[in-house]
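Structure at a glance
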Amino acid sequence: MTMTRESAHEIAGRLAPDGLAFIDGRFAPASDGATFETINPATGGVITHVAHCGTADVDRAVRAARKAFDSGVWSRAAPEYRKEVLLRLAELVRTNRDELAVLESIDSGKTITDCLHEIGREVPNFFQWYGELADKSFGKVAPTGENALALIVKEPAGVVGLVLPWNFPLLMAAWKAAPALAAGCSVLIKPAEQTPLSILRLAKLAQEAGLPDGVLNVLPGLGETTGQAIGRHPDIDIVSFTGSTEVGGYFLRYAGESNLKVVGLEMGGKSPFIILDDAAITDDLIEHAAMSAFWNGGQNCSANMRQLVVRRLAEEFAHRVTARAQAFRVGDPLDPATNIGAMVTKEHQTRVMGYIATGAAEGARLLTGGDTSGPGYFIQPTVFADMTPTMSIAREEIFGPVLGILPVDGMEEALRIAGDTDYGLHATVFTRDIDRAIHMARRLPCGTVSVNGFSEGDVKTPFGGYKRSGSLARDNGTEAMDQYLQTKTIWIATAQPAVP
Ligand code: NDP
């Protein structure tokens, strides 16, 4: 069915999420009955009250996850079985696409168009791709003399905590849970407090798909309680986290002060979009520049907010990207005609507006945007020209629809400014010269470089950051599954058999 504004609102009207936690195959309130509100950012209204899981709930979930893991019901099951369950889950997500997408949209403020794309295509694709990988991952045999046979095998790492952000709720759950489950781990998911609802619904679908009790648990709650309890739990083997650099640091501390669990971090960014002087300012380039900054309302860790443009092209680029920014429709996220929905919370809207005020105060030239509208938490796409490398809007992660144009004097200056940041997640380069493209791709200190088009890659390509954007861990690709596997060497002494 094609989604219309009316049908989306009709679905939203009949959704009745109960906000219960999912532990050991059962939906239940927090053990102490605590709850928190989840708000629709497009209206400011309360959607429902959600279980606020405390230390006792996390502990119960870890015990269930460990029991399931030790029983081997999933961890030692035939990989074909894990594949079948994950493929069924992919199919169930597809068949429940419309309700999941509307739920995601009202909980996060994301547009229904983006939610339909993420939930109709990307989320199931992740469960399918890693499900398919489950029975196609081979070990190795090391070269030895005839006195030994040395096998290098992979085993599931154990109980994994997945702590998620709010900007791509169900997609981030799939990015992390799909490879962890395919590897045979048991999983606890802590959704961001702003966006728990689609992930709780995913738990129900995973159960319907046949995932054994205890293998997947969803613990909604606040970072300082639920997140910290996961970070400090002595029986969790791995935490994979996506969110701010500050909180990523907390997880390293929690691990150091508890059981030295492995911590995989995917954090913030301040990514450059670089236009060299041989590039042509085409409609395609402008589309990529605008989408790299304004997609998901700029609430994206790889958003290309620093647009470094050779001085000769800077005015033409500014003029055209401003016109494109003005064409975005901001408003009701449930309307398929909307391009940018609401900021995730009132606090976040205020924070982004603070950066816009700072940009103007520090001398950047406001070309468009900078306005809010209500009652939801909306911000018009905003473009600044004449940004300089030392301005706050050029250095700090804004996480909102604020594009800054910084004129540069050539490739080497672009490289120097692009790398002059604590972050290193992503970069885009536009050039028609293959040698320059390769030079830039090799020199830019970040996890993904995208040439002549903004892209984060896809399920097949690893995604993660250099410097304070990440740890060595990578989401996506076969690398993501490696995060959730341990390597074991089995050395078998052999002897020549006696000749009969
Ligand atoms: P956080 O890093 O605060 O949150 C990410 C996750 O960590 C959430 O599940 C959160 O729970 C949890 N968390 C928060 N505090 C703690 C804690 N003390 N101990 C354990 N877990 C914790 O990101 P925010 O959502 O607050 O966003 C703030 C900024 O982070 C954004 O403006 C943006 O700059 C950046 N960010 C980056 C993202 C990325 O994709 N790399 C994604 C989201 C944000 P809770 O939801 O309850 O706070």
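In what follows, the accompanying structure is described. (Residues numbered from 1 in each chain as written. Predicted model: local features only at pLDDT ≥ 70, side-chain atom pairs only at ≥ 80, totals over all residues. Heavy atoms only, no water.)

So, the overall build of the protein chain
- When helices and strands are counted, the protein chain shows 16 helices and 21 strands.
- For 500 residues, the compact-globule estimate of 2.2 N^0.38 gives 23 Å, and the C-alpha radius of gyration of the protein chain, at 24 Å, lies within 12% of that figure.
- Taken along the three principal axes of its C-alpha coordinates, the protein chain extends 85 × 60 × 45 Å.
- Expressed as a percentage of the 500 residues in the protein chain, the buried residues total 57%.
- Across the protein chain, the fraction of contacts at a sequence separation of at least 24, relative to all contacts at a separation of at least 6, is 74%. (Helix = DSSP H or I, 4+ residues; strand = E, 2+ residues; numbered from the N terminus. Rg over C-alpha atoms; globule rule 2.2 N^0.38 Å. Buried < 20%, exposed > 50% of the residue type's maximum accessible area, 1.4 Å probe, protein only. Contact = heavy atoms within 4.5 Å.)

Some thoughts on the side chain of threonine 242
- One can find threonine 242 in strand 10 (residues 238-242).
- A relative accessible area of 6% means that threonine 242 is categorised as buried.
- There is a polar contact of 2.9 Å between the side chain of threonine 242 and the side chain of lysine 176. (Polar contact = N/O pair within 3.5 Å; in protein donor to acceptor, adjacent residues only side chain to side chain.)

Overview of the site of the ligand
- Taken together, 32 residues sit near the ligand, with Trp166, Glu193, Gly223, Ser244 and Glu397 positioned nearest.
- A distance of 2.7 Å separates an oxygen atom of the ligand from a polar atom in the backbone of leucine 164.
- Burial of the ligand by the surrounding chains reaches 89%, relative to a free accessible area of 860 Å².
- In a pocket analysis with a 2 Å cut-off to the grid points, the ligand is assigned to the largest pocket.
- Looking at the shell around the ligand, the elements with two or more residues in it are helix 8 (223-232), strand 10, helix 9 (245-257) and helix 12 (346-361).
- Per-class residue counts for the shell around the ligand are 15 nonpolar, 11 polar and 6 charged. (Near = heavy atom within 4 Å. Areas by Shrake-Rupley, 256 points an atom, 1.4 Å probe, with all protein chains shown as cover. 1 Å grid on protein atoms, 1.4 Å probe; cavity = no way out; pocket = protein on both sides within 12 Å on 5 of 7 lines; lining within 4 Å. Sits in = over half its atoms within 2 Å of the grid points. Nonpolar A, V, L, I, M, F, W, Y, C, P; charged D, E, K, R; others polar.)

Observations regarding a nonpolar patch on the surface
- A surface patch of nonpolar side chains, about 300 Å² in accessible area, is lined by Val141, Leu149, Ile490 and Ile492.
- On the basis of relative accessible area, leucine 149 is assigned to the partly exposed category, the value being 37%. (Patch = residues over 30% accessible without salt bridge, like charges linked within 9 Å, V, L, I, M, F, W, Y side chains within 5 Å. Salt bridge = Lys/Arg side-chain N within 4 Å of Asp/Glu carboxyl O.)

Description of the environment of asparagine 304
- The residue asparagine 304 is located in the loop between helix 10 (283-294) and strand 13 (306-310) in this model.
- When the C-alpha atoms of asparagine 304 and alanine 293 are compared, they prove to be 5.2 Å apart, with 11 residues separating the residues in sequence.
- Residues in contact with asparagine 304, not counting those within four places in the same chain, are Ser271, Pro272, Phe273, Ser292, Ala293, His426, Thr428 and Phe454.
- Reaching out from asparagine 304, the side chain makes a polar contact with the backbone oxygen of serine 302 at a distance of 2.9 Å.
- A distance of 3.2 Å separates polar atoms of two side chains, one belonging to asparagine 304 and the other to histidine 426.

Considerations on empty space enclosed by the protein
- The tally for this structure, following the rule as stated, stands at 7 cavities of 30 Å³ or more.
- When its volume is computed, the largest cavity comes out at roughly 80 Å³.
- Elements that contribute at least two residues to the lining of the largest cavity include exactly helix 14 (411-419) and strand 19 (426-430).
- Here the residues of the lining of the largest cavity are counted per class, giving 8 nonpolar, 5 polar and 2 charged.
- Its boundaries defined by the atoms lining it, the second largest cavity holds a volume of some 60 Å³. (Points joined across faces, edges and corners; volume = space filled by probe spheres on them.)

Focus on the environment of threonine 322
- Its location among the elements puts threonine 322 in helix 11 (residues 311-327).
- When its relative accessible area of 10% is taken as the criterion, threonine 322 is described as buried.
- Here the alpha-carbon distance between threonine 322 and alanine 493, two residues 171 residues apart in the chain, equals 70 Å.
- Among all residues touching threonine 322, those that are not within four sequence positions of it are Leu367, Thr368 and Val383.

Considering the environment of leucine 151
- Checked against the element boundaries, leucine 151 lands in strand 6 (residues 148-156).
- For leucine 151 and lysine 488, which are 337 residues apart along the polypeptide, the C-alpha to C-alpha distance reads 8.1 Å.
- If sequence neighbours within four positions are ignored, leucine 151 has contacts with Lys140, Val141, Lys488, Thr489, Ile490 and Ile492.

Remarks on the sheet that holds strand 21 (residues 485-493)
- Pairing within the open sheet is antiparallel, and its 3 strands lie in the order 5-6-21. What marks the edges here is a single partner per strand, and that holds for strand 5 (140-142) and strand 21. Strand-to-strand twist across the sheet, computed as the mean angle between neighbouring axes with direction ignored, equals 25°.
- Pairing of strand 6 with strand 21 involves 9 bridges; the strand directions are antiparallel. Residue pairing in the sheet places lysine 154 in a bridge with threonine 487 of strand 21. (Pairing = 2+ DSSP bridges. Axes fitted to C-alpha atoms, helices over the stretch in contact; angles between N-to-C directions.)

Some remarks on the packing of aromatic side chains
- Counted by the stated rule, this structure contains 14 aromatic pairs.
- On the numbers, 5.2 Å between centres and 35° between planes, the contact of phenylalanine 241 with phenylalanine 251 is tilted. Note that phenylalanine 241 is positioned in strand 10 and phenylalanine 251 in helix 9, a separation of 10 residues in sequence.
- Phenylalanine 241 sits in the buried class, given a relative accessible area of 4%.
- Given the relative accessible area of 3%, phenylalanine 251 is considered buried.
- Pairing tryptophan 295 with phenylalanine 454 gives two aromatic rings, centres 6.2 Å apart and planes at 65°, and the pair type is edge-to-face. In this pair, tryptophan 295 is assigned in the loop between helix 10 and strand 13 and phenylalanine 454 in the loop between strand 20 (448-451) and helix 16 (477-483), connecting sequence segments 159 residues apart.
- Residue class for phenylalanine 454 comes out buried when judged on its relative accessible area of 13%.
- The structure contains a cluster of three or more aromatic residues connected by ring pairs, namely Phe126, Trp129, Tyr130, Trp175 and Phe463.
- When the ring centre of phenylalanine 328 is taken as origin, the NZ or CZ atom of arginine 324, which lies over that ring, is 4.2 Å away. (Phe/Tyr/Trp six-rings, centres within 6.5 Å; stacked < 30°, edge-to-face > 60°. Lys NZ or Arg CZ within 6 Å of the ring centre and 35° of its normal.)

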